[in-house]
Amino acid sequence: MKKHLPFLALALSLAAYAQPPRHPLDPLSQSEFNEMVAILRQEGKLNDRSRFPIVTLQEPAKEVVRSFKVGDPIQRNAFAVVLDRGENKMYEAVIDLTSHKLDRWTPKPGEYPGVLIEEFEDPPSYVRADPAWQAAIAKRGITNFEDVQIDTWGAGLLSPVDRQTGKRLIRCLAFYRPKNVRNPFYRPIEGVVALVDPNARKVVRIEDTGVIAPVNKGMEGELDAENIAQTTPDGLRPALKPIVYSQPEGSSVVSNGNEVSWDNWTFHYTMHTREGLVLHDMRYKGRSILYRGSLCEMVVPYGSPAENWSWRNAFDLGEYGVGRLGNTLRAGYDVPPYALLKDTTFVDDRGKPYVQKNNVAIYEKEPGILWKHRDFDSTVDQTRPARSLHLTYVATVGNYDYALGWVLGQDGSITAEAELTGIVLAQGVPEAQSSGIEPVGSERYGRLVGKHIVAPNHQHFFNFRLDLDVDGSENSLVEINNQAEPPGPENPQKNAFSRQVSWIKNEKAAGRDMNMNSCRSWMVVNPNHKNDLNQPTGYQLMPGENSVPYLHPDSPIYMRAGFLKHHLWGTQYRPEEIYAAGMYPNQSTVSTGLPGWQNDDQSLQNKDVVLWYTCGVTHNPRPEEWPVMPSHRTGFRLIPNGFFSRNPSMDVPPPKESK
Ligand SMILES: [Cu+2]
């Protein structure tokens, strides 16, 4: 078998070369990635210390995509961020793959791209060899340094002195990981953080805040069934009886490359190295709804003021990239057994293409009732069971795992879902027992979740960029609030409440916050398109769970993640405005994204409106989330409001009788 492998590899690479893009938004192929590197090399832009933190398709202009017809010639451009690790210089490049030339090469002084994969892989070797680090670890009773997992984080907050060096910096946490351990995150080696210069492959200093907690040596945090059986008093519970799924007539999902159609929906998707799953050109029966929808940033600020904790805030997209950290999904585990699994081609740090297998899942589900009514007199039921289409991936960012995706309904709804699971970040503390429910002592900023383990309070903030194009690009933004009417002759029973509609006319007026008192929501409408009832067609953003940040407005994290200031932002479409915390939040001190884009106060009336929705989870950890967190689901919905003239799912036929 082995000797056939080179032929197989050749066949695969020829297949990759043979497939031209079908759609202007198709992701870059292996041959296009290779071509991009070849052009940069030919132009003399690369050396042996050049790295590629990001390479993606440079998405063509909206007008080009909008007017594209199958068979039209397709102009292809790559966008690459190139880091010269020798010089610590960063460049942006746009490479024209159709005319085979370098279109743009822009130095970006003072900007720091996100963490490279080799910056996760490299530091253990030189951090473990550092005498100050060894001394700090030895003080905590660990003498075999190979038993320590070195975990790379973005630098987070830096002192002015560290910033002035201009160095690229990362921080490395330490967890105890003897050979038989798979989950070191329940064994923090508290108080030892290495500040590292990854370009020089050197430890800048060890930030040792003292020995305060014993290092956990037990096995109760291991997540394999064998260890759980041994560390659980009654062993594993009996498994529930199986549920068998079958689609005897096949799936209703039609997928042609990255184009998908299902029921009345058509769209294009890409798995973006930074943003994860991006939806493009989402249409219902051919009518445009969402030109581009993506999670565009995430930030997780931690709430402990301790010296070795207050710098921690993970920008999971801008610093790490949730696409490239996607899992190879397993049917029957991460997603249903019948899920359609898709691969993605990315490039590694050195520009070499590789395939991430099965990192996108597309599957149907039966979530319950679509609509129903039972006639009381005849007892006849009219019920339509619901079917939904799910697009999902799972990104593992260090200790946390995020299942992220989109759900389409037959009723025209689009749901953005984020499931939070994995392992909460642990702080070693002296106490094995809590003093109770009150937040005192080591539990002042968190909760004791295990012996000598506090999980500090933190928040997860997601920002979604939603370029809605409701029946075209000329849209307006509306806010809806409810209010109780004052008592009076028109409201004698004091029960009246009404819906207030206000037009948000400009960008500066579009920084808006949730309001439970008025059940506030927002709508993007097309004033030029009316339904049969003479209402403008529209899509409504229905918030779900949310939070306000508990960061002081002057705190350095707030400065970097200014999008936290509001739950909703509205801007007029600009292709370069993609990431809510700016293009390069790593080592940033101020946000170059939101706020700022609304300063020119452009009109949001009959213009191409883009919504930015901030969705937050305030996480006060519980013992039940230890040593692994049951999945917590959050998100929001986009629902049609006046887009149709009646329930668009009336025409769903009843299920065939199975008898
Ligand atoms: Cu959390």
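Residues numbered from 1 in each chain as written. Predicted model: local features only at pLDDT ≥ 70, side-chain atom pairs only at ≥ 80, totals over all residues. Heavy atoms only, no water.

(A) Region of the structure containing the coordination of the copper ion. Note on the copper ion: its protein donors are Tyr 400 (OH), His 458 (NE2), His 460 (NE2) and His 619 (ND1). The metal-donor distances range over 1.8 to 2.1 Å. For the copper ion, the four donor atoms are set out with angles of 96 to 138° between them, so the coordination reads as irregular. If you list the donors of the copper ion from N- to C-terminus, the spacing comes out as Y-x57-H-x1-H-x158-H. Remark: His 619 occurs in strand E29 (residues 609–619) and His 460 occurs in strand E23 (residues 458–468); sequence separation between them is 159 residues. The class for His 460 is buried, based on a relative accessible area of 0%. (Donors = N, O, S within 2.8 Å, 3.2 Å for Na, K, Ca; no water. Tetrahedral: all angles 85-135°; square planar, octahedral: opposite > 155°, others 65-115°. Helix = DSSP H or I, 4+ residues; strand = E, 2+ residues; numbered from the N terminus. Buried < 20%, exposed > 50% of the residue type's maximum accessible area, 1.4 Å probe, protein only.)

(B) Summary view of the packing of aromatic side chains. The tally for this structure, following the rule as stated, stands at 20 aromatic pairs. Aromatic side chains Trp 153 and Trp 311 sit 5.8 Å apart centroid to centroid with 80° between the ring planes, which places their arrangement in the edge-to-face category. Of this pair, Trp 153 sits in strand E5 (residues 148–154) while Trp 311 is found in the loop between strand E13 (287–301) and strand E14 (313–315), placing the two residues 158 residues apart along the sequence. An identical accessibility class is assigned to Trp 153 and Trp 311; each is buried. (Phe/Tyr/Trp six-rings, centres within 6.5 Å; stacked < 30°, edge-to-face > 60°.)

(C) Focus on the pattern of salt bridges. Applying the stated criterion across every chain, the model contains 38 salt bridges. A salt bridge links Arg 292 to Glu 59, with the nearest nitrogen and oxygen atoms 2.9 Å apart. Taken together, the positions of Arg 292 in strand E13 and Glu 59 in the loop between strand E1 (50–57) and helix H3 (62–67) put the pair 233 residues apart, joining distant regions of the chain. Among the ionic pairs, Asp 162 bridges to Arg 205, the shortest N-O distance being 2.5 Å. Of this pair, Asp 162 sits in helix H7 (residues 160–164) while Arg 205 sits in strand E8 (residues 202–208), and the two are 43 residues apart along the sequence. Using a relative accessible area of 7% as the deciding quantity, one classes Asp 162 as buried. One continuous salt-bridge network, built from bridges that share partners, spans Lys 62, Arg 66, Asp 281, Arg 283, Asp 467, Asp 469 and Asp 608. (Salt bridge = Lys/Arg side-chain N within 4 Å of Asp/Glu carboxyl O.)

(D) The arrangement of the sheet that holds strand E4 (residues 101–107) in detail. In spatial order, the strands read E1-E2-E3-E4; together these four strands make up an open sheet with antiparallel pairing. For this open sheet the edge positions go to E1 and E4, each flanked by a neighbour on one side alone. Pairs of neighbouring strands in the sheet enclose a mean axial angle of 20°, with direction left out of account. Pairing of strand E3 (residues 89–96) with E4 involves six bridges; the strand directions are antiparallel. (Pairing = 2+ DSSP bridges. Axes fitted to C-alpha atoms, helices over the stretch in contact; angles between N-to-C directions.)

(E) View of the sheet that holds strand E18 (residues 400–409). With antiparallel pairing, the ten strands of this open sheet are ordered in space as E15-E16-E17-E18-E19-E30-E27-E26-E24-E25. In the strand order of this sheet, the two ends are held by strand E15 (340–347) and strand E25 (497–504), each with one partner. Recorded for the sheet is a direction-independent mean angle of 25° between the axes of neighbouring strands. Inspection of the sheet shows strand E24 (residues 476–484) paired to E25 by eight bridges, in the antiparallel sense. Directly across from Ala 484, in E25, lies its bridge partner Phe 497.

(F) A look at the pairing of strand E2 (residues 77–84). When you tally the buried positions in E2, you get eight out of eight residues, the bulk of the element. Burial along E2 is two-sided: the residues Asn 77, Phe 79, Val 81 and Leu 83 and Ala 78, Ala 80, Val 82 and Asp 84 are all buried. Direction of pairing for E2 relative to E3: antiparallel, over a ladder of eight bridges. Across the sheet, the residue bridging to Asp 84 is Lys 89, located in E3. Linking E2 to E3, which pair antiparallel, is a turn of four residues; within it Asn 88 sits at a positive phi near 55°.

(G) Local environment of the nonpolar core. Core analysis: the largest hydrophobic core is formed by 101 residues, its most contacted members being Phe 462, Leu 466, Leu 477 and Phe 563. In this structure, Phe 563 is in contact with Glu 297, Val 299, Phe 461, Asn 463, Trp 569, Ala 580, Ala 581, Leu 594, Pro 595 and Thr 614, ignoring residues within four places of it in sequence. (Core = buried A, V, L, I, M, F, W, Y, C linked by side-chain atoms within 4.5 Å. Contact = heavy atoms within 4.5 Å.)

(H) Layout of the state of the cysteines. Taken as a whole, this structure holds zero disulfides when the rule is applied. Among the cysteines around Cys 296, which has no disulfide bond, Cys 615 carries the closest sulfur, lying 12 Å off. With relative accessibility at 0%, the residue Cys 296 sits in the buried group. (Disulfide = S-S within 2.5 Å.)

(I) Quick peek at unusual backbone geometry. With an omega dihedral of -10°, the bond running from Leu 594 to Pro 595 counts as a cis peptide bond. With respect to the helices and strands, the residue Pro 595 is situated in the loop between strand E28 (568–572) and E29. Here the bond from Trp 626 into Pro 627 is cis, since omega is 5°, no more than 30 degrees from zero. Within the secondary structure layout, Pro 627 lies in the loop between E29 and strand E30 (629–640). The residue Asn 88 is not glycine, and still its phi comes out positive at about 55°. Checked against the element boundaries, Asn 88 lands in the loop between E2 and E3. Residue Asn 88 is classed as partly exposed on the basis of its relative accessible area, which comes to 26%. In this model, Cys 519 sits at a positive phi of 50°, which is unusual for a non-glycine residue. Within the secondary structure layout, Cys 519 lies in the loop between E25 and strand E26 (521–530).

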